[in-house]
Every structure is written in C-alpha cells, then in structure tokens.
Amino acid sequence: MRERIRRPIGTGLAVLLCLPVLAGLAGTVLPAFGYLPALGGTQFTPGHFEALAAQPHILRSAFVSLAAGLTSTFIALVVVAIFVAGYAGTRPFAFIQHLLSPLLAVPHAASAFAIAFLIAPSGFLVRLVSPELTGFLRPPDWLIPNDPLGLSMVAGLAAKEMPFLLLVMLAALPQLPLANSRRLMSALGYGRVTGFAIAMWPALYRQIRLPVLAVLVYSTSVVDVAMILGPQLPPTLPVRIAAWLADDDVGARFLASAGAVVQLALGLVAIGIWIGIERIGRLCHRRLCSSGRRLAADRLLCRTAASIAALSAALIFTGLALLALWSIAGLWPFPDRLPTSLTIAAWRRALAGLVDPLAATIAIALLSSLAALAIAILLLSLGGHGKADRWLPVFLPLLVPEIAFVFGLQVLATGVGFSPSIATVAAMHLVFVLPYVLLSLGPPWRALDRRYEQIASGLGKSSLRTLMTIRLPMLLRACLTALAVGFAVSVSLYLPTVVIGAGRVTTITTEAVALSSGGDRRIIGVYALVQALLPFSGFLVASLVPQLLFRQRRAMRI
C-alpha cells in the first residue's frame, strides 16, 4: 500500500522537475515570434524568422551542425559497439575500458583544447615529423582545426562520447545473457561481431537508446567544442546563436530566439533521421539473421575498432600532457619538438585572474551536484525498485538542445527579479546535472539486495532510519560516484553559465573558452589544465573516501 502511494508522488515530482525546461521553451518561442514586452515586443510577427533566413550562410551553419552531430554520434556508437562485441570479457577489453574510463572526467572544452594542441599546423603532431619528413620550417597554412566541413569537431566529439557510450553499455550488459549467447553463437559458427549483433544488439540497444539520443542532441547543439574545433566562416548555428545572445543590440535577442527555435527543430530533425537510421539497421539485422552468413573472419574488424578507441583515448591524454607542458613552457619555436626552457611565468600571470573563477566553479558545482544527489535519492526512494521509465520527464534536458531553452529561462529569471549570482547559476546547472546523477545512481540503487531493508523493517526500523543507516551507507561509493559525475557535468557547462550568469559569474570553463580566440597557448594551457583537473579531483575523492571510512570492512570498500 505504501509503495502504491510513493510511486505517484515520485512521478509527480519528476514531472515538476521538468517544468523549468518547458518554461524555458516558452520563454524562447514567444520572443522568436516577437512577443517580449521587456524589450518592446508586444505583437506576434514572423519577421524575426525572415531576418534569420536573410543571415549569410545560415543554411550552411545549420547543415554543418546537423551533419557533425549525426556523424560523430554514429562513429562513436559503431566503434564502441564493435569493440564491446569483439572483446567483452577479455583482457584487451579491460585494458581499454580502464584507458577510456578516466576520459569521462575530462570536460568537453578541455578535450577539445587537447586535440587542438595536437592537430594544429604548429601542433605537436606536425612538429614530430618536421622538418625531416615534411620539410616544414614554418607552420603550414592549413585550416586545421576550424576546417569548413567541421571534421575536426566531428573527431573531437566522437573521441569524447566514446567513453560515455562505453559506460552505458557496460551498465546494461550485466542484465543480458552475454556469456550464454556467446557460447551458443560460437557453437553455431558465428563470428564474435556477427553473433553479438544477432543475439545481443537489439536488447542492448533498447536499454541505451535514451543516452544515444542524448549524445545526438548534444552533438548537434554543442557550443564550446564548436568554438574551439568547429568552422569559423561561417560558424555552426549554436555558436552564431550564442553570439547573438551576447550582442548588445536588443534586436539580436529576437534573432537569437528565432535561431534557438530553429535549433530545436534541427534537434528534432536529427532525432527523426536517427530513427530512420534505426529502421534501416533493423532491416539489415533481419537480413543478417535470415541470410545464414556466419562472417567468422572478423578479427581485423575487432582490432580496428579497438585501435580507434585506444587511439582516441591516447590522443586526448597526450593532448592533456601538452596542455601541461605548454603551461610551463618558455620559448618554444617551430619546429622544435620540446620547449627550450621551462618557466612558471604563465601560472604567475594567470593566478590573479584564476582565483575568482575557480572559487565560483567549485561553489556552483558543489551546490548543484549536492542538490541533484539529494533529489535523486528522494526520487529513487519514492520510486521503489521498478523500472526507470517514470523518470523520463527528468531526462528532458538531455533530449532538448540547451540553447533552445536556456535563453527562455534567462528571460523568465530576469522577469521575476533574479539577478545573476552563484546561486542562480547553480540552480540552472541543477537542471542539467540531475539527469546524469540519476542515471549514475539508479542501477546500483536498484541492484542492492532488498533483504537488508526487509530485516531492518522486521526489527521495527522506520523507512527513514533504514534509508539512513542501511541503504545509504552501503551505497556510499555509488552516491559519491554520482556526486562526482554531477560535479564533472557542472564544471563542463558553458552556455548555461554564460547566459544565466550574464557575464557577472565567470567560471574556469567560460574563461577557457573565451581564451580560445586568443593566441597565448600558455594561458590557455593553464586554464584548460585546471578545468580538466577539477573533475579528476572529484572522482579521486569518491574513490578514496570509502577506502578510508571502511578500511576495517573489506566488503564495504569494493
């Protein structure tokens, strides 16, 4: 009976938590059609969409955004799926899994800087082969990164999304009979990839479909990575919208709202195209099942997928090492492979401007992630041990482009009198942090043996006391990991901080992205390295605290 009462309350709370997104959408759509009394817009008009259509190369900007999102998501999913199919349960799988897992803590902007420092015309890869193999004594005139087709951005997005997709697949695999199906398909003569595709992939994809769509929507609407690696003339549509939002001209706000509505439509188009790809994949799956082809010789395919996954991780780690080296580099002329001297002058110059953004970043991340953890625990406690379908409203921010509702929330916040502050930005971050915390905490919460709580209930303990003394201590590592995930998500958020903070609240991420248009690689290296180290510190704390608290209880330290 108590369970029947809890579930509707939990579902109602989940619906309530999605209201900021809906309110933000309303605050974006109305100005797009001319209605924004605060700025003098009192009549509905389609004129702002006409002005948007008249912007130079606007279709190219939209197409590059759409193509980059679809391509990077498809590449990341295919590579991770083939890698899991070929190596799940083997030593290479464990090695690459441990190699990719730390990349989850690296913010998108930091990984984009890492890749840019590698592939730039004066980057480390060109220096490595110059002048012996290339003959270059000066950096070549290559438009990399920021190439017109967005290939650098596609590579950066795919490399960063592979660890996330691998994580969600690993979370779903224990619920499937992997070992039994692999033995059965092997006995029938199927190769690892073909057997996995026939027996396991449909069930696995159903469980990871929501995260895949979230990756797709994010990739089509990303701003910070597009500013660092994406094309510049013209930039992608989200970057142009962000520029209009920051424009001093009042009329640009209406143009930005119209662009945000188009970006929302672009996200829906991307999801529609992806559904079409899913249907094509379903047809191919049926043909594969009925063809009888075993395709046993798939070793090369498996090794290629593993090599791509390992290479992407190695590139980002190498780029992060270059960030650290650039931050302490003295004179480093091209084509020298290493700097001629080392100095901490860049750190001394950056230190004065680093303290306030660093403090704001930590405060916002802690506030939003702690609040998200508390709400996630409340939702999971009210929801019982059933499926997570009832939490779908909470995941709405993952399926709606952030640029489509962040501006609307800014308009609403200004209208009700909220001024830009750390608390306001933290509340905005909570909208994005909560879905990831819930995704991280949900599986271990439902996997905990309920008999512990049943015993406590039989001894007369209340539900709250059982939660505080049984469930949460046993799930301390999972709670701290979810908190670290939320902390990392908050640290990496760029657009919500810029829009809601209105330039008065600066974080390490906003400062690092702002510096990307400059030419001082040493200062960029300082900020990007600090941004990358913050999430690592969160995961380090999540790993060490259970070891210290439960040092006398071996089973609790696992």
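Conventions we followed
- Residues numbered from 1 in each chain as written.
- Predicted model: local features only at pLDDT ≥ 70, side-chain atom pairs only at ≥ 80, totals over all residues.
- Heavy atoms only, no water.
- Core = buried A, V, L, I, M, F, W, Y, C linked by side-chain atoms within 4.5 Å.
- Buried < 20%, exposed > 50% of the residue type's maximum accessible area, 1.4 Å probe, protein only.
- Helix = DSSP H or I, 4+ residues; strand = E, 2+ residues; numbered from the N terminus.
- Contact = heavy atoms within 4.5 Å.
- Patch = residues over 30% accessible without salt bridge, like charges linked within 9 Å, V, L, I, M, F, W, Y side chains within 5 Å.
- Areas by Shrake-Rupley, 256 points an atom, 1.4 Å probe, with all protein chains shown as cover.
- Salt bridge = Lys/Arg side-chain N within 4 Å of Asp/Glu carboxyl O.
- Phe/Tyr/Trp six-rings, centres within 6.5 Å; stacked < 30°, edge-to-face > 60°.
- Lys NZ or Arg CZ within 6 Å of the ring centre and 35° of its normal.

Asks: I tried to follow the nonpolar core on my own but got confused; where do I start?
Replies: Considering soluble globular proteins, one finds that nonpolar side chains tend to be buried as a cluster. Counting residues in each nonpolar core, the largest one holds 130 residues, and the members touching the most others are Val84, Leu165, Ile208 and Phe405. No other element matches helix α4 (residues 58-87), which puts 15 residues into this core. The residues contacting Leu165, other than those within four sequence positions of it, are Ala76, Leu77, Val80, Val212 and Val215. In this structure, Ala372, Ala376, Val394 and Trp445 belong to the second largest nonpolar core, which totals 27 residues.

Asks: Got a minute to help me understand a nonpolar patch on the surface in this structure?
Replies: Where nonpolar side chains cluster on the molecular surface, the patch consists of Phe74, Ile75, Val78, Val269, Ile273 and Ile277 and spans about 420 Å² of accessible area. Position of Val269 among the secondary structure elements: in helix α14 (residues 250-291).

Asks: Please clarify how the environment of Leu464 should be interpreted in this entry.
Replies: Residue position: Leu464 is located in helix α21 (residues 463-474). Each C-alpha atom, one on Leu464 and one on Ser381, is 9.6 Å from the other, the two residues being 83 residues apart in sequence.

Asks: In this structure, what is going on with the packing of aromatic side chains? I would like to understand it.
Replies: To describe a pair of aromatic rings, you give the distance between the ring centres and the angle between the ring planes. Enumeration according to the criterion identifies nine aromatic pairs in this entry. The interplanar angle of 80° and the centroid separation of 5.7 Å between the aromatic rings of Phe136 and Trp142 together place this pair among those described as edge-to-face. By relative accessible area, which is 23% here, Phe136 ends up partly exposed. Exposure remark for Trp142: the relative accessible area of 43% places this residue in the partly exposed category. Measuring from centroid to centroid gives 6.3 Å for Phe164 and Tyr436, while their planes differ by 65°, and the two rings are edge-to-face. Residue Phe164 is found in helix α8 (residues 151-172), and its partner Tyr436 is found in helix α19 (residues 422-447); the two are separated by 272 residues along the sequence. Looking at Tyr436, the relative accessible area reads 24%, which means it is partly exposed. Taking the ring centre of Trp445 as reference, the NZ or CZ of Arg471 above it sits at 4.6 Å. Here Arg521 stacks its cationic end above the ring of Phe117, 5.6 Å away from the centre of that ring.

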